[in-house]
Amino acid sequence: MSKTVEIIIEGKSYQLPVIEGTEGEKAIDISNLRDMTGYVTLDVGYKNTGATTSAITFLDGEAGILHYRGYPIEQLAEKSSFLETAYLLIFGELPNKSQLEKWESDIRRRTLVNEDMRKIFDGFPVNAHPMGVLAALASSLATFYPAVIDPNRDVDANYLRITRLIAKLPTIAAWAHKNSQGHPLNYPKNKYNYCENFLYMMFALPVEDYEPDPVVVDALNKLLILHADHEQNCSTSTVRLAGSSHVSLYSSVSAGISSLWGPLHGGANQEVLEMLEAIQKDGGNVEKFVEKAKDKNDGFRLMGFGHRVYKNFDPRAKIIKVACDNVLNRLGVNDPLLEIAKKLEEIALKDDYFVERKLYPNVDFYSGIIYKAIGIPTDMFTAMFALGRLPGWIAQWYEMRKEKQPIGRPRQIYTGATQRDYVALDKRG
Ligand code: CMC
């Protein structure tokens, strides 16, 4: 017999169904609550609200577990490639050899961006933040490829849109960087794989030869895999909510990019590096900054610390910390910021304030140091996160549309003025 819970409202008892996930997570299904009782629930920030069921990513914040389609993140980061992981997230299974070859080749031949789109870059100020450019250009894809399709009715057209987006976003991101440098834009070279091509477009100059460094390619691949999905986070929820109105995939992803940009979400990776640099500039007094973070009147937070869901450790941060040491060693980079980061982590993890609130380093804490070591400029960090998160956004959008989920439309509890009459301007105090 299926489980229910009883709620009693104004003395009347109601039975609500319990939904249980495959990993034992439990939820009370309140989808008929308002019809049954006249009540809605209130959960600002959705701290206790499941917005959907989903078969894509499993996350256990207490145990520090992250799985994509059942596969542990540790195994994927070590053994998979970013495009293979993207396929897994979007289509639900690891591809076989011929599926993977087709997938990689379909993406490879769509890396070129329409020349008219290229002209849009000329309209941005030279110091435009790459995330603003990325969001605008992702949105503009909807004007170059305007047909809005129903993924249930036109599977091939949907596949085309997915491969186009994965192929073109790195070109747009690299061009945003090149544009900000005042450098000529590099066209993609399809002899390269996904990561190599991105690095080539980012760093090659017409006056010099360029070959992507395998150590850097490897590090980039790992970082992108670790960012590829994270269930119903802020930007993914934005993508799902925007997409629930049946707007195009491109527009939905553009909304997700804007949401990711904020410093409490993906924008934290840029903030972490800037914070570490500020500590270094200030003389390296880590304790002083820990005290500032604890001072409620200060407003300063330790960027890269804390997570809405992880309350023990962030498994992505664990992998990135090791990768960070490896990459710096293999590239022969000695970055004093890494020492500051390690010291900050050590002090914060022993401090009662952080222990009581279960604040641990998150994925953004060490990723910036690797990005810096591989030559990615600070204002591109969040754009790197966006490239990584793209398959997750697509997978979640696709799942939501395939399941024909209704338009997202939360309720509210109104707390404003009750009805009153309009007062003429000359009668107002
Ligand atoms: N430094 C100092 N205090 C903190 C921090 C921090 N980084 N994070 C949380 N707190 C405190 C906060 O002041 C509050 O204290 P109190 O209970 O005394 O009022 C308590 O911890 C709970 O914080 P919260 O803001 O209610 O927690 P939340 O779940 O709403 O926020 C968070 C989670 C990630 C937004 C927050 O921890 C934060 O702002 N961290 C810094 C930004 C950051 O690194 N963001 C990247 C998140 S991981 C990448 C991603 O997927 O987005």
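Everything discussed here concerns the structure shown above.
Source: prediction; values computed, not measured. (Residues numbered from 1 in each chain as written. Predicted model: local features only at pLDDT ≥ 70, side-chain atom pairs only at ≥ 80, totals over all residues. Heavy atoms only, no water.)

Chemist: Please explain the overall build of the protein as it appears in this structure.
Modeler: Assigned secondary structure in the protein consists of 18 helices and 6 strands. Its C-alpha atoms put the protein at 75 × 65 × 55 Å along the principal axes. When burial is assessed residue by residue, the protein has 47% of its 429 residues classed as buried. A separation threshold of at least 6 residues defines the contact pool for the protein, and within that pool the share at least 24 residues apart is 70%. (Helix = DSSP H or I, 4+ residues; strand = E, 2+ residues; numbered from the N terminus. Buried < 20%, exposed > 50% of the residue type's maximum accessible area, 1.4 Å probe, protein only. Contact = heavy atoms within 4.5 Å.)

Chemist: Any chance you could explain the layout of surface pockets here in plain terms?
Modeler: By rolling a water-sized probe across the atoms, one finds the places where empty space is left. By volume, the second largest pocket is sized at about 270 Å³. Considering the residues around the second largest pocket, the lining is formed by 20 residues, among which Leu83, Arg108, Asn193, Tyr194 and Cys195 are closest to the centre. Broken down by secondary-structure element, the contributors of at least two residues to the lining of the second largest pocket are helix H3 (82–91), helix H4 (97–108), helix H7 (155–181), helix H8 (194–203) and helix H9 (214–227). The leading source of residues in the lining of the second largest pocket is H8, at 5 residues. Of the residues in the lining of the second largest pocket, the class split is 11 nonpolar, 6 polar and 3 charged. (1 Å grid on protein atoms, 1.4 Å probe; cavity = no way out; pocket = protein on both sides within 12 Å on 5 of 7 lines; lining within 4 Å. Points joined across faces, edges and corners; volume = space filled by probe spheres on them. Nonpolar A, V, L, I, M, F, W, Y, C, P; charged D, E, K, R; others polar.)

Chemist: It is not clear to me how the site of the ligand should be interpreted in this structure. Could you clarify?
Modeler: Close contacts around the ligand come from 22 residues, with His265, Lys296, Arg301, Leu302 and Arg308 the closest. Lys296 is positioned such that a nitrogen or oxygen atom in its side chain is 2.8 Å from an oxygen atom of the ligand. Here an oxygen atom of the ligand sits 2.7 Å away from a polar atom, N or O, in the side chain of Arg301. In isolation the ligand exposes 940 Å². Once the protein is present, 78% of that is buried. Here the residues of the shell around the ligand are counted per class, giving 10 nonpolar, 6 polar and 6 charged. (Near = heavy atom within 4 Å. Polar contact = N/O pair within 3.5 Å; in protein donor to acceptor, adjacent residues only side chain to side chain. Areas by Shrake-Rupley, 256 points an atom, 1.4 Å probe, with all protein chains shown as cover.)

Chemist: Got a minute to help me understand empty space enclosed by the protein in this structure?
Modeler: Under the defined criterion, the tally for this structure stands at 1 cavity of 30 Å³ or more. Within this model, the largest cavity holds a volume of roughly 50 Å³. Lining the largest cavity are Tyr145, Ala147, Val148, Ile149, Asn158, Arg161, Val247, Ser248, Leu249, Tyr250 and Trp397. Only H7 and helix H11 (249–260) provide two or more residues apiece to the lining of the largest cavity. Considered class by class, the residues forming the lining of the largest cavity number 8 nonpolar, 2 polar and 1 charged.

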